[in-house]
Amino acid sequence: MAHTITLIPGDGIGPEVSNATMRVLAAAEVDIHWDVQEAGAAVAEKRGITLPDEVLASIRKNKIALKGPIGTPIGKGFRSVNVTLRQALDLYANVRPVRSLPGVEPRFEGTDVVIVRENTEDLYSGLELMIMPGIAQSMKIITERASIRICEYAFDYAERLGRKRVTVVHKANIMKLSDGLLLECFRKVAQKHPRIEPAEVIVDACAMQMVKNANRLDVIVTENLYGDILSDLGAGLVGGLGIIPGANIGSEAAVFEAVHGSAPDIAGKGIANPTALIQSAVMMLQHIGEHSAARKIERGLLTTMECGTRTVDLGGSASTEEFTRTLCDAVSRA
(Lines give C-alpha, C1' and ligand atoms only; values in the text may rest on other atoms or scores of the structure.)
Protein backbone atom coordinates (compact mmCIF):
# COMPACT_ATOMS: atom_id res chain seq x y z
CA MET A 1 0.00 0.00 0.00
CA ALA A 2 1.30 3.48 -0.88
CA HIS A 3 1.47 6.14 1.82
CA THR A 4 1.91 9.90 1.59
CA ILE A 5 3.68 11.13 4.73
CA THR A 6 4.79 14.60 5.74
CA LEU A 7 8.52 14.78 6.45
CA ILE A 8 9.99 17.63 8.50
CA PRO A 9 13.78 17.10 8.36
CA GLY A 10 14.46 19.67 11.08
CA ASP A 11 17.57 21.60 12.09
CA GLY A 12 21.17 20.71 12.87
CA ILE A 13 21.61 16.96 12.48
CA GLY A 14 17.94 16.64 11.50
CA PRO A 15 18.50 16.33 7.73
CA GLU A 16 21.22 13.70 8.31
CA VAL A 17 19.13 11.45 10.56
CA SER A 18 16.06 12.00 8.38
CA ASN A 19 17.96 10.88 5.28
CA ALA A 20 19.22 7.80 7.13
CA THR A 21 15.69 6.94 8.25
CA MET A 22 14.28 7.28 4.73
CA ARG A 23 16.96 4.87 3.47
CA VAL A 24 16.07 2.32 6.15
CA LEU A 25 12.36 2.55 5.31
CA ALA A 26 13.20 2.05 1.64
CA ALA A 27 15.25 -1.03 2.57
CA ALA A 28 12.14 -2.38 4.32
CA GLU A 29 10.29 -1.90 1.02
CA VAL A 30 7.64 0.48 2.33
CA ASP A 31 6.02 2.50 -0.46
CA ILE A 32 6.15 6.08 0.82
CA HIS A 33 5.81 9.40 -0.98
CA TRP A 34 7.48 12.05 1.19
CA ASP A 35 5.80 15.46 1.38
CA VAL A 36 8.85 17.42 2.59
CA GLN A 37 8.14 20.52 4.69
CA GLU A 38 10.51 22.90 6.45
CA ALA A 39 10.10 24.20 9.99
CA GLY A 40 12.31 25.34 12.83
CA ALA A 41 15.20 27.71 13.47
CA ALA A 42 16.55 27.70 9.92
CA VAL A 43 13.14 28.66 8.54
CA ALA A 44 12.81 31.40 11.15
CA GLU A 45 16.02 32.99 9.92
CA LYS A 46 14.65 33.12 6.36
CA ARG A 47 10.97 33.82 6.90
CA GLY A 48 10.60 35.10 10.45
CA ILE A 49 8.35 32.18 11.47
CA THR A 50 9.24 28.75 12.84
CA LEU A 51 6.10 26.89 11.76
CA PRO A 52 4.66 28.04 8.41
CA ASP A 53 0.96 27.40 7.79
CA GLU A 54 1.72 25.01 4.94
CA VAL A 55 3.39 22.59 7.39
CA LEU A 56 0.22 22.27 9.45
CA ALA A 57 -1.85 22.01 6.25
CA SER A 58 0.36 19.16 5.03
CA ILE A 59 0.01 17.20 8.27
CA ARG A 60 -3.75 17.76 8.37
CA LYS A 61 -4.00 16.47 4.81
CA ASN A 62 -1.67 13.46 5.16
CA LYS A 63 -2.62 12.60 8.78
CA ILE A 64 0.92 11.28 9.46
CA ALA A 65 4.24 13.09 9.88
CA LEU A 66 7.83 12.10 10.65
CA LYS A 67 9.83 14.90 12.25
CA GLY A 68 13.54 15.31 12.87
CA PRO A 69 14.87 17.42 15.75
CA ILE A 70 13.88 21.07 15.51
CA GLY A 71 15.50 24.10 17.11
CA THR A 72 13.74 27.20 18.42
CA PRO A 73 15.65 30.52 18.32
CA ILE A 74 16.38 31.52 21.91
CA GLY A 75 15.41 34.89 23.28
CA LYS A 76 13.64 36.13 20.13
CA GLY A 77 10.00 35.56 21.07
CA PHE A 78 9.47 32.43 18.96
CA ARG A 79 7.17 29.71 20.28
CA SER A 80 8.41 26.14 20.40
CA VAL A 81 7.53 24.30 17.18
CA ASN A 82 6.94 21.10 19.15
CA VAL A 83 4.48 22.74 21.55
CA THR A 84 2.72 24.56 18.70
CA LEU A 85 2.32 21.35 16.69
CA ARG A 86 0.84 19.51 19.65
CA GLN A 87 -1.65 22.27 20.45
CA ALA A 88 -2.63 23.14 16.87
CA LEU A 89 -3.23 19.49 15.91
CA ASP A 90 -4.54 18.41 19.34
CA LEU A 91 -1.87 15.71 19.63
CA TYR A 92 -2.95 14.81 23.11
CA ALA A 93 -0.93 11.63 23.76
CA ASN A 94 2.85 11.66 23.87
CA VAL A 95 4.10 8.06 23.81
CA ARG A 96 7.69 7.16 24.74
CA PRO A 97 8.69 3.47 24.82
CA VAL A 98 11.84 3.05 26.94
CA ARG A 99 13.61 -0.20 26.10
CA SER A 100 17.17 -1.50 26.44
CA LEU A 101 19.02 -2.29 23.21
CA PRO A 102 21.71 -4.98 22.87
CA GLY A 103 25.25 -3.66 22.72
CA VAL A 104 24.25 -0.36 24.32
CA GLU A 105 25.44 -0.17 27.90
CA PRO A 106 22.36 0.73 29.97
CA ARG A 107 22.03 1.51 33.64
CA PHE A 108 19.75 -1.51 33.88
CA GLU A 109 19.51 -4.49 31.53
CA GLY A 110 16.08 -5.52 30.28
CA THR A 111 14.30 -2.22 30.88
CA ASP A 112 10.96 -2.14 29.05
CA VAL A 113 8.46 0.52 30.09
CA VAL A 114 6.17 2.90 28.19
CA ILE A 115 5.40 6.47 29.26
CA VAL A 116 2.09 7.94 28.07
CA ARG A 117 2.06 11.67 28.77
CA GLU A 118 -0.88 14.05 28.47
CA ASN A 119 0.30 16.59 25.92
CA THR A 120 -2.04 19.57 25.87
CA GLU A 121 -2.47 21.10 29.33
CA ASP A 122 -1.05 21.11 32.91
CA LEU A 123 1.63 23.73 33.62
CA TYR A 124 2.59 23.63 29.93
CA SER A 125 -0.59 25.52 29.05
CA GLY A 126 1.59 28.64 29.24
CA LEU A 127 -0.82 30.60 31.44
CA GLU A 128 1.51 32.82 33.44
CA LEU A 129 1.36 36.31 34.87
CA MET A 130 3.16 38.64 37.24
CA ILE A 131 0.85 39.20 40.19
CA MET A 132 3.04 42.05 41.42
CA PRO A 133 6.73 42.92 41.13
CA GLY A 134 8.78 39.97 42.30
CA ILE A 135 5.88 37.48 42.30
CA ALA A 136 5.11 35.29 39.27
CA GLN A 137 2.19 32.88 38.94
CA SER A 138 1.89 29.89 36.60
CA MET A 139 -1.50 28.19 36.37
CA LYS A 140 -1.84 24.43 36.28
CA ILE A 141 -4.80 23.34 34.18
CA ILE A 142 -6.19 19.81 34.55
CA THR A 143 -9.53 18.98 32.91
CA GLU A 144 -11.78 15.96 33.14
CA ARG A 145 -11.94 15.70 29.35
CA ALA A 146 -8.17 15.54 28.87
CA SER A 147 -7.68 13.24 31.86
CA ILE A 148 -10.29 10.73 30.70
CA ARG A 149 -8.92 10.82 27.17
CA ILE A 150 -5.29 10.16 28.13
CA CYS A 151 -6.24 7.39 30.56
CA GLU A 152 -8.38 5.70 27.92
CA TYR A 153 -5.48 5.89 25.48
CA ALA A 154 -3.11 4.30 28.01
CA PHE A 155 -5.44 1.39 28.79
CA ASP A 156 -6.23 0.83 25.09
CA TYR A 157 -2.50 0.88 24.34
CA ALA A 158 -1.79 -1.65 27.09
CA GLU A 159 -4.48 -4.01 25.78
CA ARG A 160 -3.31 -3.64 22.19
CA LEU A 161 0.30 -4.47 23.04
CA GLY A 162 -0.40 -7.19 25.56
CA ARG A 163 0.78 -5.21 28.58
CA LYS A 164 -0.31 -6.19 32.08
CA ARG A 165 -0.51 -2.97 34.09
CA VAL A 166 -1.19 0.76 33.75
CA THR A 167 0.28 2.98 36.48
CA VAL A 168 -1.00 6.51 37.00
CA VAL A 169 1.63 8.94 38.31
CA HIS A 170 0.36 11.93 40.31
CA LYS A 171 0.89 14.21 43.30
CA ALA A 172 -2.66 14.14 44.60
CA ASN A 173 -1.48 14.02 48.21
CA ILE A 174 -0.53 17.70 47.80
CA MET A 175 -2.48 18.96 44.76
CA LYS A 176 -5.74 17.42 45.86
CA LEU A 177 -8.00 19.11 43.30
CA SER A 178 -5.92 19.10 40.09
CA ASP A 179 -4.01 15.83 40.47
CA GLY A 180 -6.96 14.49 42.41
CA LEU A 181 -9.10 14.97 39.27
CA LEU A 182 -6.64 12.95 37.18
CA LEU A 183 -6.66 10.19 39.79
CA GLU A 184 -10.47 10.14 39.89
CA CYS A 185 -10.63 9.89 36.09
CA PHE A 186 -8.04 7.11 36.06
CA ARG A 187 -10.10 5.05 38.48
CA LYS A 188 -13.23 5.48 36.35
CA VAL A 189 -11.44 4.39 33.19
CA ALA A 190 -9.75 1.46 34.93
CA GLN A 191 -13.16 -0.06 35.73
CA LYS A 192 -13.80 -0.41 31.98
CA HIS A 193 -10.60 -2.44 31.48
CA PRO A 194 -10.73 -5.35 33.94
CA ARG A 195 -8.00 -7.28 32.09
CA ILE A 196 -5.42 -4.59 32.89
CA GLU A 197 -4.18 -4.14 36.46
CA PRO A 198 -4.41 -0.49 37.61
CA ALA A 199 -1.75 0.96 39.90
CA GLU A 200 -1.21 4.36 41.49
CA VAL A 201 2.09 5.96 42.52
CA ILE A 202 3.14 9.45 43.65
CA VAL A 203 5.57 11.08 41.22
CA ASP A 204 8.57 11.22 43.58
CA ALA A 205 8.11 7.56 44.50
CA CYS A 206 7.82 6.80 40.78
CA ALA A 207 11.22 8.36 40.13
CA MET A 208 12.72 6.04 42.73
CA GLN A 209 10.91 3.00 41.34
CA MET A 210 12.17 3.76 37.83
CA VAL A 211 15.77 3.34 38.94
CA LYS A 212 14.99 0.25 41.02
CA ASN A 213 12.47 -1.72 38.96
CA ALA A 214 11.00 0.30 36.09
CA ASN A 215 9.35 -2.71 34.48
CA ARG A 216 6.98 -3.08 37.41
CA LEU A 217 5.37 0.21 36.32
CA ASP A 218 4.77 -1.24 32.81
CA VAL A 219 2.69 1.52 31.14
CA ILE A 220 2.86 4.89 32.92
CA VAL A 221 0.13 7.46 32.34
CA THR A 222 0.66 10.94 33.72
CA GLU A 223 0.42 14.70 33.31
CA ASN A 224 2.48 16.87 31.00
CA LEU A 225 5.22 18.06 33.36
CA TYR A 226 5.71 14.75 35.20
CA GLY A 227 5.75 12.89 31.90
CA ASP A 228 8.35 15.23 30.43
CA ILE A 229 10.71 14.70 33.37
CA LEU A 230 10.15 10.94 33.71
CA SER A 231 10.66 10.42 29.97
CA ASP A 232 14.18 11.82 30.17
CA LEU A 233 14.85 9.80 33.31
CA GLY A 234 13.77 6.71 31.41
CA ALA A 235 16.09 7.59 28.52
CA GLY A 236 18.97 7.78 30.98
CA LEU A 237 18.25 4.22 32.11
CA VAL A 238 18.83 2.74 28.66
CA GLY A 239 21.57 4.81 27.04
CA GLY A 240 20.24 8.30 26.39
CA LEU A 241 17.89 10.27 24.17
CA GLY A 242 19.80 9.18 21.07
CA ILE A 243 17.96 5.84 21.01
CA ILE A 244 14.52 6.75 22.38
CA PRO A 245 11.55 7.03 19.97
CA GLY A 246 8.58 9.31 20.44
CA ALA A 247 5.09 9.77 19.09
CA ASN A 248 2.45 12.48 19.44
CA ILE A 249 -0.97 11.01 18.77
CA GLY A 250 -4.25 12.81 18.17
CA SER A 251 -7.68 11.88 16.88
CA GLU A 252 -7.01 13.32 13.41
CA ALA A 253 -3.22 13.20 13.02
CA ALA A 254 -0.03 11.74 14.45
CA VAL A 255 3.54 13.06 14.47
CA PHE A 256 6.46 10.70 15.09
CA GLU A 257 9.69 12.34 16.17
CA ALA A 258 13.21 12.07 17.49
CA VAL A 259 13.04 13.43 21.04
CA HIS A 260 16.67 14.58 21.23
CA GLY A 261 17.95 18.01 20.27
CA SER A 262 19.24 19.24 16.94
CA ALA A 263 22.90 19.07 18.10
CA PRO A 264 24.21 21.90 15.90
CA ASP A 265 27.74 21.32 17.24
CA ILE A 266 28.04 18.01 15.35
CA ALA A 267 25.87 18.85 12.32
CA GLY A 268 27.61 18.00 9.06
CA LYS A 269 30.33 15.92 10.70
CA GLY A 270 28.75 12.60 9.72
CA ILE A 271 28.65 11.19 13.25
CA ALA A 272 24.97 11.74 14.18
CA ASN A 273 23.07 8.77 15.58
CA PRO A 274 19.82 8.15 13.63
CA THR A 275 18.53 5.41 15.97
CA ALA A 276 15.92 7.55 17.75
CA LEU A 277 14.27 8.68 14.53
CA ILE A 278 14.48 5.19 13.04
CA GLN A 279 12.75 3.75 16.11
CA SER A 280 10.14 6.51 15.85
CA ALA A 281 9.61 5.47 12.22
CA VAL A 282 9.01 1.90 13.45
CA MET A 283 6.23 3.27 15.69
CA MET A 284 4.88 5.12 12.66
CA LEU A 285 4.82 1.93 10.59
CA GLN A 286 2.91 0.14 13.34
CA HIS A 287 0.44 3.04 13.46
CA ILE A 288 -0.29 2.85 9.71
CA GLY A 289 -0.54 -0.94 9.67
CA GLU A 290 2.84 -1.77 8.09
CA HIS A 291 3.61 -4.35 10.78
CA SER A 292 5.79 -6.61 8.63
CA ALA A 293 8.11 -3.75 7.67
CA ALA A 294 8.22 -2.57 11.28
CA ARG A 295 9.33 -6.04 12.43
CA LYS A 296 12.01 -6.16 9.71
CA ILE A 297 13.50 -2.87 10.88
CA GLU A 298 13.34 -3.92 14.54
CA ARG A 299 15.15 -7.18 13.76
CA GLY A 300 17.68 -5.35 11.61
CA LEU A 301 18.36 -2.82 14.36
CA LEU A 302 18.88 -5.57 16.95
CA THR A 303 21.26 -7.38 14.59
CA THR A 304 23.21 -4.18 13.91
CA MET A 305 23.57 -3.40 17.60
CA GLU A 306 24.51 -6.97 18.50
CA CYS A 307 27.29 -7.05 15.91
CA GLY A 308 28.85 -3.96 17.47
CA THR A 309 28.07 -1.31 14.85
CA ARG A 310 27.39 1.73 16.99
CA THR A 311 27.84 5.46 16.59
CA VAL A 312 30.26 7.50 18.69
CA ASP A 313 27.65 8.62 21.24
CA LEU A 314 27.02 4.95 22.11
CA GLY A 315 30.70 4.13 22.56
CA GLY A 316 31.28 2.93 18.99
CA SER A 317 33.20 4.34 16.06
CA ALA A 318 30.71 4.04 13.19
CA SER A 319 29.83 7.10 11.15
CA THR A 320 26.21 7.88 10.32
CA GLU A 321 26.81 6.47 6.83
CA GLU A 322 28.42 3.24 8.08
CA PHE A 323 25.67 2.67 10.64
CA THR A 324 22.92 3.34 8.09
CA ARG A 325 24.49 1.12 5.44
CA THR A 326 24.93 -1.75 7.91
CA LEU A 327 21.35 -1.38 9.14
CA CYS A 328 19.94 -1.26 5.61
CA ASP A 329 21.79 -4.49 4.77
CA ALA A 330 20.42 -6.13 7.93
CA VAL A 331 16.88 -4.96 7.15
CA SER A 332 17.11 -6.30 3.60
CA ARG A 333 18.09 -9.73 4.98
CA ALA A 334 15.52 -9.73 7.82
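All values reported here derive from a predicted model rather than from experimental measurement.

The rules behind each value
Residues numbered from 1 in each chain as written. Predicted model: local features only at pLDDT ≥ 70, side-chain atom pairs only at ≥ 80, totals over all residues. Heavy atoms only, no water. Phe/Tyr/Trp six-rings, centres within 6.5 Å; stacked < 30°, edge-to-face > 60°. Helix = DSSP H or I, 4+ residues; strand = E, 2+ residues; numbered from the N terminus. Buried < 20%, exposed > 50% of the residue type's maximum accessible area, 1.4 Å probe, protein only. Disulfide = S-S within 2.5 Å. Pairing = 2+ DSSP bridges. Axes fitted to C-alpha atoms, helices over the stretch in contact; angles between N-to-C directions. Contact = heavy atoms within 4.5 Å. Core = buried A, V, L, I, M, F, W, Y, C linked by side-chain atoms within 4.5 Å. Expected span 1.5 Å × (residues − 1). Arc of directions from axis to C-beta.

Colleague: Looking at this structure, how should I read the packing of aromatic side chains?
Modeller: Two measures describe an aromatic ring pair: the distance that separates the ring centres and the angle between the ring planes. In the structure shown here, the tally under the stated rule is three aromatic pairs. Taking the centre distance of 5.4 Å and the plane angle of 40° together, the rings of Phe155 and Phe186 count as tilted. With Phe155 in helix H5 (residues 144-160) and Phe186 in helix H6 (residues 178-190), the pair connects residues that are 31 residues apart, well separated along the chain. Residue Phe155 is classed as buried on the basis of its relative accessible area of 0%. Phe186 sits in the buried class, given a relative accessible area of 0%. An aromatic cluster of three or more residues is present, and its members are Tyr92, Tyr153 and Tyr157.

Colleague: Sorry if this is basic, but what is going on with the state of the cysteines here?
Modeller: This model, assessed by the stated rule, comprises zero disulfides. No disulfide involves Cys151; its sulfur sits 6.6 Å from the nearest other cysteine sulfur, which is in Cys185. Note on Cys151: relative accessible area 0%, which makes it buried. Of all cysteine sulfurs, the one in Cys328 lies closest to Cys307, which takes part in no disulfide; the gap is 13 Å.

Colleague: Which parts of the structure should I look at to understand the sheet that holds strand S5 (residues 112-118)?
Modeller: Strand pairs in the sheet, formed through backbone hydrogen bonds, run parallel or antiparallel to each other. Sheet architecture is open: ten strands sit in the order S2-S1-S3-S12-S11-S4-S5-S10-S8-S9, paired in mixed fashion. Both edges of this open sheet fall to strand S2 (32-36) and strand S9 (197-202), since each of them pairs with a single strand only. Going across the sheet, the axis of each strand differs from the next one's by a mean of 25°, ignoring polarity. Summarising the sheet, strand S4 (residues 93-99) and S5 pair through seven bridges and their orientation is antiparallel. Paired with Arg99 across the two strands is Asp112, which belongs to S5. Packed onto the sheet, H6 meets strand S8 (165-170), S9 and strand S10 (219-222) and runs at close to 165° relative to S8. Of the strands in this sheet, S5, S8, S9 and S10 are in contact with helix H7 (residues 203-213), which crosses S9 at around 105°.

Colleague: Explain the nonpolar core here, please?
Modeller: Note that soluble globular proteins tend to have their nonpolar side chains buried in a common cluster. If you look at the biggest cluster of nonpolar residues, it comprises 82 residues, and the most contacted ones within it are Val166, Phe256, Met284 and Ile297. Considering every element that reaches this core, the biggest residue donor is helix H9 (residues 275-287), with eight residues. In this view, Phe256 contacts Ile64, Ala65, Leu66, Lys67, Gly246, Ala247, Ile249, Ser280, Met283, Met284 and His287; residues no more than four positions away in its chain are not counted. Ranked by size, the runner-up nonpolar core spans 14 residues in total, among them Leu56, Ala65, Ile70 and Leu91.

Colleague: Any chance you could explain helix H8 (residues 224-238) here in plain terms?
Modeller: Taking 1.5 Å of rise per residue, the 15 residues of H8 would be expected to cover 21 Å, and the 22 Å separating its terminal C-alpha atoms lies within 8% of that figure. Taken residue by residue, H8 has Asn224, Tyr226, Gly227, Leu230, Ser231, Gly234, Ala235, Leu237 and Val238 as its buried positions. Down the axis of H8, the buried side of the element spans an arc of 165°, and every buried residue falls inside it. Of the residues trailing H8, Gly239 is marked for its positive phi of about 130°.

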